[in-house]
Amino acid sequence: MFENLEIWWVTGAQMLYGEEPVRIVESHSKEMVEGINAAGVLPIKVVYKGTVMSSKDIERVMLDANGDKRCIGIITWMHTFSPAKMWIHGLQQLRKPLLHLHTQYNAEIPWDTMDMDFMNLNQSAHGDREFGHICARLNVRRKVVVGYWKDKKTLEKIAVWSRVAAAWADAQDMLVIRFGDQMNNVAVTDGDKVSAEMQLGYHVDYCPVSELMEYYKKVEDAAVDALVAEYHKLYVCEGDVAKEGTEAYKSVWNAAKAELAIRACLDAKGAKAFTTNFDDLGTDNINDPKFVGFDQIPGLASQRLMAEGYGFGAEGDWKSAALYRTLWVMNQGLGGCSFLEDYTLNFDGDNSAILQAHMLEVCPMIAEEKPRLEVHFLGIGIRKAQTARLVFTSKPGAGITATVIDLGNRFRLIVNDVECIKSKPLPKLPVASALWIPMPNFEVGAGAWIMAGGTHHSCFAYNVTPEYWEDYAEMAGIEMVHINKDTTMPEFKKELRYNEVYYSLNK
Ligand code: MN
């Protein structure tokens, strides 16, 4: 999904030093861009877009960036002192994420040979400060990365930003489909869809379940048979689940049909994310001869579609569905991610932890072992029925979880570092699960999350650092609070209060 994307590199300079230095700047810039691409740390290619020396040049490249779908963001680097008034009009119009790289072509000062010609070519020490000033003056949201351009650490920071920029671009073109409405009376998963589109980019639509049933009716038996065969290859299938003619086999078959219907409907609409509601599954009366509806909550479909990258939120939670999609895009190739719910608590002194699960919908990307495909009775929702699901426990290890809430006057991104510890099977509650200790410990981690107003739903990933969410919040221009090993309740409460003032003033 990163293949057709580009990051544009723009070098700032001026003509003060004559044409020869500018020619050399051009060749240095090209060498740097080629070197950065060749290093293989960035998942997205950088394209050199020229050395700009006037307000007109800058405005042109910014407008081109806005209009080019491939361009997900711009990296600027001020090789010389680039007088920053000429950046005003361009920066005012830039609509793509900006990364300001503070680096220099040359690494170490050549003490014995350095002359004015060298200085004319290695001026970012002051040039990048001039550029930083105008960004601060204009309040331009950006990431500042400082480091030598050949250092892996520098490139890794750019790589994080580029993954987030790709996810941000993806969100600007995201349609979230709600099959059924929000679960009645629930506050935390609701919010202002108009504000979400204005601030976060994605669009949320409703699709009547009756419309989804039109896709369900059209699913061909042969396609369902093929998908069930695929399940048998991918998952541990034992007992009746693997035996044709049994009730369990039929439940799996119906679940596969539901998956094909949901995918077909989402793809027909060009949707990247969806929500479901267990109280809205098609015609209510399963004994009606004209019955068209899911015979069970399509949890298996949600699990598998999440792994494919479709955003998912249960009970109509469209904010989580959109956030999961964003997380999946930036996390590609790094490690698993899943929609999860704070399920139940396990008090155990310093190891007190929160079981993370859902009645069905946990993404198999976080599984420690090959998931088991099982069928069990589920007595929740409008259809109390034998229900297929993937059952597993998650990998132990460090991870991060995030949620977005709507506070009325703004969105708040809440991020918590978590440590996944060994979970156990639940023979009487066969669902997929994770077990984690929120940082800095259960007491402060859960307390701060609750104090900040965080949801019981969140989007979790391995191998995603807080830097990803910092970059996301910067691009989106939303509040972010990060609960981590250094969090204390008194300081955290102060941060929430300060933020309240800041966001009230900046509305
Ligand atoms: Mn839930």
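Higher on the page you've got the structure.
Computed from a predicted model, the values in this text were never measured in an experiment.

Definitions and limits used
Residues numbered from 1 in each chain as written. Predicted model: local features only at pLDDT ≥ 70, side-chain atom pairs only at ≥ 80, totals over all residues. Heavy atoms only, no water. Disulfide = S-S within 2.5 Å. Buried < 20%, exposed > 50% of the residue type's maximum accessible area, 1.4 Å probe, protein only. Patch = residues over 30% accessible without salt bridge, like charges linked within 9 Å, V, L, I, M, F, W, Y side chains within 5 Å. Areas by Shrake-Rupley, 256 points an atom, 1.4 Å probe, with all protein chains shown as cover. Salt bridge = Lys/Arg side-chain N within 4 Å of Asp/Glu carboxyl O. Lys, Arg positive; Asp, Glu negative; His and termini not counted. Charge placed at Lys NZ, Arg CZ, Asp CG, Glu CD. Helix = DSSP H or I, 4+ residues; strand = E, 2+ residues; numbered from the N terminus. Polar contact = N/O pair within 3.5 Å; in protein donor to acceptor, adjacent residues only side chain to side chain. Contact = heavy atoms within 4.5 Å. Axes fitted to C-alpha atoms, helices over the stretch in contact; angles between N-to-C directions. Parallel < 35°, antiparallel > 145°, perpendicular 65-115°, else oblique. Left-handed = near helix turned anticlockwise from the far one by under 90°.

As for the state of the cysteines
Part 1 of the argument: In total, this model carries 0 disulfides according to the counting rule given.
Part 2 of the argument: In this structure Cys135 is not part of a disulfide, and its nearest cysteine sulfur, from Cys71, lies 16 Å away.
Part 3 of the argument: Using a relative accessible area of 0% as the deciding quantity, one classes Cys135 as buried.

Looking at a negative patch on the surface
Part 1 of the argument: Where like charges cluster on the molecular surface, the negative patch consists of Glu220, Asp221, Asp225 and Glu244.
Part 2 of the argument: The topology assignment puts Asp225 in helix 9 (residues 221–234).

What to know about the side chain of His457
Part 1 of the argument: Within the fold, His457 resides in strand 17 (residues 457–462).
Part 2 of the argument: A residue is classified by how much of its surface remains accessible, and His457, at 0% relative accessible area, is buried.
Part 3 of the argument: Engagement of the side chain of His457 in a polar contact is seen with the side chain of Glu341, the distance being 2.9 Å.
Part 4 of the argument: Setting aside residues no more than four positions away along its own chain, His457 makes contact with Thr189, Ala314, Glu315, Asp317, Ser320, Phe339, Leu340, Glu341, His358 and Thr403.

A few points about the packing of helix 10 (residues 247–269) against helix 11 (residues 299–308)
Part 1 of the argument: Taken N-terminus to C-terminus, the directions of helix 10 and helix 11 make an angle of 50°; their axes are 8 Å apart at the nearest point. Considering their axes alone, helix 10 and helix 11 lie oblique with respect to each other. Seen along the crossing, helix 10 lies across helix 11 with a hand that is right-handed. Here Ala255, Ala258, Glu259, Ile262 and Arg263 of helix 10 lie close against helix 11, whose contacting residues are Leu300, Ala301, Arg304, Leu305 and Glu308.

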